[in-house]
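Below are the chains, spelled out letter by letter.
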Amino acid sequence: EACKGCPMYDNGKGFVPDELVDGAGVMLIGQSPGADEEHAGRPFVGKTGQVMEQHFFPIAGLERGRNVSLGNTLRCRRTVGGKRVNDMPSDDTLERAVAHCTQAHLRIPQSTRLIVAHGAHAWRALTGLHGHENGIHDWRGFVAHMPGLPRSGGGTAQGGLPCLASLHTADLFHEPRMTLAAERDWAKIPRILRGEWPAELPWRDTRHG
């Protein structure tokens, strides 16, 4: 019912809800479900999710079902010519679909202290940043603070939540040279949660030159 009004509204089949974990300090938001996710009704169960869970989660100290919530920017797949496809729609349709899906379905658990934007679409949807000097490749490994994200149970995150930009794991299948950089970005997650990264600039007394 909540999907009515979305430009991607169809027959309701293949909707994949977010996987929210009470008490989890991290919420990872990706692009959209694929065929495996549509079949299972759960996010990140296909090849990308398996690589992420088996390789990158241990680096970040994350364990599915225990301390990380999972979701997507869009929670269904497009239907084109009667077939489900993974391709994103045109920019105008995509923008309206993301806005609708975010308002209707995104709910950040109260326990969440860090959002991980997994890929370019999630980064753009969460931050509004894209294009020259603001895309995922420019921001990956860095944190932006996001105000106004809706919390489960009502209200929004007071003061905003930090949002870490990360490359989509599927991108690494085509750009394996970025794997080391991605591993280092995932390794920042426990440091961010502990308040150790990014470190504050050291104080320096410049009053006397």
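Our structure's up above, just so we're on the same page.
Residue numbers restart at each chain and count upward from 1, following the sequence in its written direction. This being a predicted model, a pLDDT of at least 70 is required before a residue's local features are given, and a value of 80 or more before pairs of side-chain atoms are given or counted; all residues contribute to the totals for chains, interfaces and linings. Heavy atoms from the whole structure form the basis of all side-chain values; hydrogens and water molecules are not counted.

1. Quick notes on helix 3 (residues 91-105)
- Taking 1.5 Å of rise per residue, 15 residues should cover 21 Å, and helix 3 covers 20 Å from first to last C-alpha, within 8% of that figure.
- Residues of helix 3 that are buried include every one of T93, L94, A97, V98, H100, C101 and H105, and no others. Helix and strand assignments follow DSSP, with helices taken as H or I runs no shorter than four residues and strands as E runs no shorter than two, numbered in order from the N terminus. Working rule for helices: expected span equals 1.5 Å times residues minus one. Think of it in three bands: with a 1.4 Å probe and only protein chains considered, a residue is buried below 20% of the maximum accessible area for its type, exposed above 50%, and partly exposed in between.

2. Remarks on helix 2 (residues 47-60)
- Taking 1.5 Å per residue, 14 residues should reach 20 Å; helix 2 reaches 19 Å between its end C-alpha atoms and fits that length.
- Along its length, helix 2 reaches its greatest deviation from straightness, about 35 degrees, at E53.
- Those residues of helix 2 not exposed but buried are T48, G49, M52, F56, F57 and A60.
- Contacts: residue pairs with any heavy atoms within 4.5 Å of one another. On its buried face, helix 2 is in contact with strand 1 (26-30), strand 2 (68-72), strand 5 (114-118), helix 6 (169-174) and helix 7 (179-193).
- Backbone geometry just after helix 2 places G61 at a positive phi near 70 degrees. We define the bend at each residue as the angle formed by axes fitted to the 7 residues ending at it and the 7 residues starting at it.

3. Digging into the side chain of K188
- With respect to the helices and strands, the residue K188 is situated in helix 7.
- A relative accessible area of 15% places K188 in the buried class.
- A 3.5 Å cut-off defines polar contacts: any pair of N or O atoms within that distance qualifies, except that in protein one atom must be a possible hydrogen donor and the other a possible acceptor, and neighbouring residues in sequence count only when both atoms are side-chain atoms. Of the polar contacts made by the side chain of K188, one reaches the backbone oxygen of G141; its length is 2.8 Å.
- Residue contacts for K188: discarding those within four places in its chain leaves G141 and W197.

4. So, the state of the cysteines
- Any pair of cysteine sulfurs within 2.5 Å is marked as a disulfide. Considering all chains together, one arrives at zero disulfides under this definition.
- In this model C6 remains outside any disulfide bridge; the closest cysteine sulfur is found in C76, 6.1 Å from its own.
- Looking at C6, the relative accessible area reads 14%, which means it is buried.

5. Notes on the nonpolar core
- Put simply, buried Ala, Val, Leu, Ile, Met, Phe, Trp, Tyr and Cys residues joined by side-chain atoms within 4.5 Å make one nonpolar core. One finds I115, W186 and I189 to be the most contacted residues of the largest nonpolar core, which totals 39 residues.
- For this core, the elements supplying multiple residues, two or more each, are strand 1, helix 2, strand 2, strand 5, helix 4 (120-127), strand 6 (143-146), strand 7 (161-166) and helix 7.
- At five residues, the largest contribution of residues to this core is made by helix 7.
- For W186, the residues in contact, after removing those within four places along its chain, are L28, M52, F56, F57, I59, A60, L62 and H118.

6. Describing the pattern of salt bridges
- By definition, a salt bridge exists where a carboxyl oxygen of Asp or Glu is found within 4 Å of a side-chain nitrogen of Lys or Arg. Overall, the coordinates contain 14 salt bridges when judged by the stated rule.
- Taking the shortest distance from any N to any O, the salt bridge between R64 and E19 comes out at 3.0 Å. Here R64 is found in the loop between helix 2 and strand 2, whereas its partner E19 is found in the segment before strand 1, with 45 residues between them in sequence. E19 shares its class with R64; the two are buried.
- Between E53 and R64 there is a salt bridge whose closest N-O contact spans 3.8 Å. With a gap of 11 residues between them, E53 in helix 2 and R64 in the loop between helix 2 and strand 2 connect regions that are remote in the sequence.
- Linked through salt bridges whose partners overlap, the residues forming this network are D10, E38, R77 and R84.

7. Remarks on unusual backbone geometry
- Of the consecutive residues W197 and P198, the connecting peptide bond is found in the cis state with omega at -5 degrees.
- Counting through the fold element by element, P198 comes out in the segment after helix 7.
- In this model, F44 sits at a positive phi of 55 degrees, which is unusual for a non-glycine residue.
- Position of F44 among the secondary structure elements: in the loop between helix 1 (35-40) and helix 2.
- The class for F44 is buried, based on a relative accessible area of 6%.

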